Amino acid sequence: MNKTAEQYWKANIRLVSILLVIWFACSFLFGIILVEPLNTIKIGGVGLGFWFAQNGSIYTFLVLIYVYTKRMNALDVEFDVHED
Amino acid sequence: MDLQTLTYLVVGFTFALYIGIAFWARAGSTGEFYAAGRGVHPVANGMATAADWMSAASFISMAGLIAFNGYGASVFLMGWTGGYVLLALLLAPYLRKFGKFTVPEFIGDRYYSRTARIVAVICLILASVTYVIGQMKGIGVAFSRFLETDYDTGLFIGMGIVFIYAVMGGMKGITYTQIAQYCVLIFAYTVPAVFVSLNITGNPIPQLGIGSAMADGSGTFMLDKLDQVVTDLGFKEYTTQVMGSKLNMFVYTLSLMIGTAGLPHVIIRFFTVPKVKDARSSAGWALVFIAILYTTAPAVGSMARLNLMNTIQVGEVGTVEGNIEIANVPQWMLNWEKTGLLQWEDKNGDGRIQYYNDKNAEFAAKAEAWGWKGNEMTKVDRDIMVLANPEIAKLPNWVIALVVAGGLAAALSTAAGLLLAIASSISHDLLKGVFMPDISEKNELMAGRIAMAGAIGLAGYFGLHPPDFAAGTVAIAFGLAASSIFPVLMMGIFYKKMNRAGAIWGMISGIGVTMLYVFQHKGIMFVPGTSFLGDMGPNWFLGISPNAFGAVGAVVNFAVAAMVSKVTAPPPDHIQHLVEDIRVPKGAGAASDH
């Protein structure tokens with residue numbers, strides 16, 4: 001693997017790691033582990049933990065994939081490994 | 001026009017549409033049969049993936065599970081969406097770059113081993129067939145209601161239609177048909193949800209309705225009201241009841257997520273886009289279309305539960321007039337009674353129905369004092385809730401007809417996608433790839449179609465005695481995919497040193513542990529009476545239910561693969577170069593057959 005490809009891969013791994021931390025936080029952490037304390041905070045008639053488990057996590061997932069697609073397409077160009 | 005005629009009309013029209021599209025886009029070559037010739041736009045591909053993905057389990061079964069498990073059913077909502085993040089970030093772009101047709105093909109090449117390919121095919125077939133069993137349950141429920149017959153007859157008719165439909169089309173036909181099916185199913189799901197939300201909370205957007213106050217002017221929030229209604233009858237509080245334990249919920253969610261990223265019929269979708277870039281965005285588009293249904297489902301579930309409770313408990317709990325008279329039950333209950341999926345019995349002979357939690361000792365004692373002799377709703381199949389929902393909410397007949405059509409669309413599209421994955425793994429991976437390399441294209445297609453027919457028959461047979469509700473059966477399929485396919489795919493891309501022996505033993509031990517656990521609690525091949533530990537909570541390992549065990553199997557898979565690869569020879573240089581090559585998008589041509 002040449003220098004650029006290696007750096008490209010490192011940048012990729014860094015991006016994916018950050019996004020996966022958020023992925024874990026919005027579902028497992030807020031929706032399951034911390035659900036009781038978060039439920040004391042209400043938005044409208046829904047506890048925040050319950051909301052994350054049933055709605056909020058899904059919205060977050062959408063944002064994550066959107067950010068990933070944007071960033072990776074930019075990285076492809078930056079490291080000149082994009083498709084023709 | 002009466003409901004029955006209207007239902008026939010709507011269902012008939014949608015079927016004519018699907019068959020027309022399937023005929024127009026029928027497959028001419030193996031390339032089109034498996035991968036739609038790679039000419040599919042990411043948005044179209046995303047929509048088709050969404051229809052493929054959202055099966056009877058999502059459409060018919062999930063809201064019912066939410067209705068009865070409340071917060072506990074969040075595992076399905078998070079699990080069946082979060083997997084797309086894994087798929088987009090960890091697998092889809094690389095598998096597209098690799099550029100072959102099937103998952104076992106990737107595993108066979110990456111691990112330079114025919115044995116690995118065969119093991120992958122077996123894992124894939126086990127997971128897919130289990131998944132189709134779940135679909136068959138959903139199809140049986142939908143057809144039995146639609147044709148007003150019993151469940152078994154509905155199932156047989158459904159099998160016939162799936163057969164004609166999947167065998168004819170191939171992937172190209174399926175992709176375009178699935179776009180039509182997505183439109184039908186999402187319309188059918190959201191329209192009643194909007195009506196019901198408007199009725200109950202006055203807010204037409206179901207996603208907001210769930211957090212709104214009741215429209216009756218009491219100022220009580222809808223969820224608070226629901227919590228109160230169910231606890232008044234001895235049931236667990238809706239917004240806090242957990243499924244098993246929190247550990248079980250954690251593992252269950254994880255299992256569904258990594259199962260999503262390991263299921264062949266979903267992954268196969270990302271082989272069909274023109275570019276690596278498109279593989280990334282396709283996963284995103286798929287999730288957009290899926291999220292429309294999944295964010296609506298919590299409102300559908302909670303409001304259906306509220307409506308159901310209020311139908312039977314018409315007045316104050318404990319008073320005689322508080323319970324509905326059997327002579328006065330609404331028409332929808334009589335309709336569903338015919339299918340055998342809804343049953344009641346007047347245990348105390350008072351001519352009224354008492355629906356309460358008689359397993360709750362404290363409440364049962366109170367109930368006895370009122371002359372109640374046990375819960376009289378002896379069977380409420382969770383899988384009927386979505387189909388019955390518009391009837392319960394007294395919506396117009398055309399809405400009810402639409403929902404039946406949507407349920408059938410969901411079940412059919414997924415069954416077809418899965419059958420295609422099964423067919424391709426048998427004809428393309430086993431026959432052409434391993435046993436009969438010289439097979440002609442025509443015979444390969446024929447073998448694929450025969451494999452589909454066999455899979456329908458097998459799944460239909462097990463569908464007569466499904467191991468669980470549609471969504472539960474499907475969850476087992478996810479566990480099998482999670483414990484076998486996902487770990488080797490991920491290691492194949494992210495861990496250059498992973499070798500043949502590691503992958504093979506990883507897959508075998510992962511799926512082995514999961515199957516052993518499922519079978520010992522659910523019966524060998526789900527045959528009732530052969531489970532040697534019984535499907536009982538106290539016998540579960542750390543309280544983890546069999547449906548959720550795939551995540552544990554995946555951990556075993558990773559661990560075994562890592563250990564075995566450490567003590568065996570590393571992969572040859574050309575394989576390590578192959579891995580380096582799939583990591584960069586540049587040079588992704590059109591996929592080659594071989």
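Going by what an unreviewed UniProt entry lists, chain A is known as Sodium symporter small subunit domain-containing protein and is assigned to Candidatus Thiodiazotropha endoloripes.

### Notes on the overall build of chain A
A tally of regular secondary structure across chain A gives three helices and two strands. In sequence order, chain A lays out its α and β elements as α-α-β-β-α. The globule rule puts the C-alpha radius of gyration for 84 residues at 12 Å, and the 17 Å found for chain A is more than 25% above it. Seen through its principal axes, chain A has C-alpha atoms that stretch 55 × 20 × 15 Å. For chain A, with 84 residues in total, the buried portion stands at 54%. By sequence separation, contacts in chain A at least 24 residues apart represent 56% of the contacts at least 6 residues apart. As presented, chain A carries roughly 4000 Å² of accessible surface, and 68% of it is formed by carbon and sulfur atoms. For chain A, the distance from the average position of its 6 positive side-chain charges to the average position of its 7 negative side-chain charges is 10 Å.

### Let's talk about the overall build of chain B
Of the regular secondary structure elements, chain B holds 22 helices and two strands. Here the C-alpha radius of gyration of chain B, 24 Å, is about what a compact globule of 594 residues would show, namely 25 Å. Over its C-alpha atoms, taken along the principal directions, chain B stretches across nearly 80 × 50 × 45 Å. The buried share of chain B, taken over its 594 residues, is 64%. Of the roughly 19400 Å² that chain B leaves accessible, carbon and sulfur atoms contribute 64%. Computed over 38 positive and 38 negative side-chain charges, the separation of the two mean positions in chain B equals 13 Å.

### A closer look at the UniProt feature "domain: Sodium symporter small subunit" (unreviewed entry) in chain A
Those places that UniProt annotates as "domain: Sodium symporter small subunit" (unreviewed entry) correspond, in this numbering, to residues 6-82 of chain A. For residues 6-82 of chain A, the end-to-end C-alpha separation is 15 Å, with 83% helix and 5% strand making up the annotated structure.

### Concerning the nonpolar core
Counting residues in hydrophobic clusters, the biggest one holds 226 residues, and the most contacted among them are B:Trp53, B:Phe59, B:Phe76, B:Trp80, B:Ile107 and B:Tyr294. Ignoring sequence-local partners within four residues, the contact set of B:Phe76 consists of B:Met62, B:Leu65, B:Met243, B:Tyr252, B:Leu256, B:Tyr294 and B:Ala471.

### Quick notes on the pattern of salt bridges
For the structure shown, the criterion picks out six salt bridges over all chains. For B:Lys246, the salt bridge identified is with A:Glu36, shortest N-O distance 2.7 Å. With B:Lys246 in helix α11 (residues 246-260) and A:Glu36 in helix α2 (residues 35-39), the pair connects residues from two separate chains. For A:Glu36, a relative accessible area of 46% puts it in the partly exposed group. B:Asp581 is the salt-bridge partner of B:Lys97, the closest N and O atoms lying 3.4 Å from each other. Taken together, the residues span a long stretch of sequence, with B:Lys97 in helix α5 (residues 74-98) and B:Asp581 in helix α22 (residues 573-582) at a distance of 484 residues. For B:Asp581, a relative accessible area of 41% puts it in the partly exposed group.

### Regarding the interface of chain A and chain B
Each partner contributes to the interface: chain A provides 42 residues, whereas chain B provides 50 residues. For the pair chain A and chain B, the summed buried surface comes to about 4200 Å²; carbon and sulfur atoms form 70% of the total. The interface formed by chain A and chain B contains three salt bridges. One can count twelve residue pairs in polar contact (both at pLDDT 80 or more) joining chain A with chain B. Element by element, the count of residues in the side of chain A that touches chain B is highest for helix α3 (residues 48-78) of chain A, at 16 residues. When its residues are assigned to classes, the side of chain A that touches chain B shows 26 nonpolar, eleven polar and five charged.

### Notes on the packing of helix α16 (residues 385-392) of chain B against helix α17 (residues 397-435) of chain B
The packing of two helices is summarised by the inter-axis angle and the distance between the axes. All names here are of chain B. α17 packs onto α16 with a crossing angle of 175° between their chain directions and a minimal axis gap of 9 Å. Comparing their axes, α17 and α16 come out roughly antiparallel. Contacts between α16 and α17 involve Val-386, Leu-387, Pro-390 and Glu-391 from the former and Val-399, Ile-400, Val-403 and Val-404 from the latter.

### Some points on α17(B)
In a regular helix each residue adds 1.5 Å, so 39 residues correspond to 57 Å; α17(B) covers 54 Å between its end C-alpha atoms and thus fits that length. For α17(B), the buried fraction is high: 33 of the 39 residues fall into the buried class.

### What to know about the packing of aromatic side chains
The final tally for this structure, using the stated rule, is 29 aromatic pairs over all chains. Between A:Tyr8 and A:Phe79 the ring centres are 6.0 Å apart and the planes differ by 65°, which places this aromatic pair in the edge-to-face class. Placement of A:Tyr8 in helix α1 (residues 3-33) and of A:Phe79 in the segment after α3 is noted, with a sequence separation of 71 residues between them. In terms of burial, A:Tyr8 and A:Phe79 fall into one category: buried. A centroid spacing of 5.7 Å and a plane angle of 55° characterise the contact between B:Tyr356 and B:Phe363, whose relative ring orientation is tilted. Like B:Phe363, B:Tyr356 is buried. Every member of this aromatic cluster is reached through a ring pair, and the members are B:Trp53, B:Phe76, B:Trp80, B:Tyr84, B:Tyr131, B:Tyr252 and B:Phe478. For B:Arg305, the ring lying beneath its charged end belongs to B:Phe235, and the centroid distance is 5.3 Å. Taking NZ or CZ as reference, B:Arg382 lies 4.2 Å from the ring centre of B:Phe68, over its face.

### Here we look at the side chain of B:Ser58
Residue and element names in this part refer to chain B. Of note, Ser-58 is situated in helix α4 (residues 56-69). The class of Ser-58 is buried, set by a relative accessible area of 2%. A distance of 2.7 Å separates polar atoms of two side chains, one belonging to Ser-58 and the other to Tyr-294. Beyond its immediate sequence surroundings of up to four residues, Ser-58 is in contact with Trp-53, Tyr-189, Leu-293 and Tyr-294.

### Considerations on the UniProt feature "transmembrane region" (unreviewed entry) in chain A
Residue and element names in this part refer to chain A. When the UniProt feature table is mapped onto this chain numbering, "transmembrane region" (unreviewed entry) sits at residues 12-35 and 47-68. Along residues 12-35 one finds 96% helix and 0% strand; the C-alpha atoms at either end are 32 Å apart. With 95% helix and 5% strand, the stretch residues 47-68 has end C-alpha atoms that lie 29 Å from each other.

How each quantity is defined
Residues numbered from 1 in each chain as written. Chains lettered and ligands numbered in written order. Predicted model: local features only at pLDDT ≥ 70, side-chain atom pairs only at ≥ 80, totals over all residues. Heavy atoms only, no water. Helix = DSSP H or I, 4+ residues; strand = E, 2+ residues; numbered from the N terminus. Rg over C-alpha atoms; globule rule 2.2 N^0.38 Å. Buried < 20%, exposed > 50% of the residue type's maximum accessible area, 1.4 Å probe, protein only. Contact = heavy atoms within 4.5 Å. Areas by Shrake-Rupley, 256 points an atom, 1.4 Å probe, with all protein chains shown as cover. Lys, Arg positive; Asp, Glu negative; His and termini not counted. Charge placed at Lys NZ, Arg CZ, Asp CG, Glu CD. UniProt positions renumbered as here; feature names shortened; annotations may be inferred. Core = buried A, V, L, I, M, F, W, Y, C linked by side-chain atoms within 4.5 Å. Salt bridge = Lys/Arg side-chain N within 4 Å of Asp/Glu carboxyl O. Buried area = accessible area lost by both parts, 1.4 Å probe. Polar contact = N/O pair within 3.5 Å; in protein donor to acceptor, adjacent residues only side chain to side chain. Nonpolar A, V, L, I, M, F, W, Y, C, P; charged D, E, K, R; others polar. Axes fitted to C-alpha atoms, helices over the stretch in contact; angles between N-to-C directions. Parallel < 35°, antiparallel > 145°, perpendicular 65-115°, else oblique. Expected span 1.5 Å × (residues − 1). Phe/Tyr/Trp six-rings, centres within 6.5 Å; stacked < 30°, edge-to-face > 60°. Lys NZ or Arg CZ within 6 Å of the ring centre and 35° of its normal.

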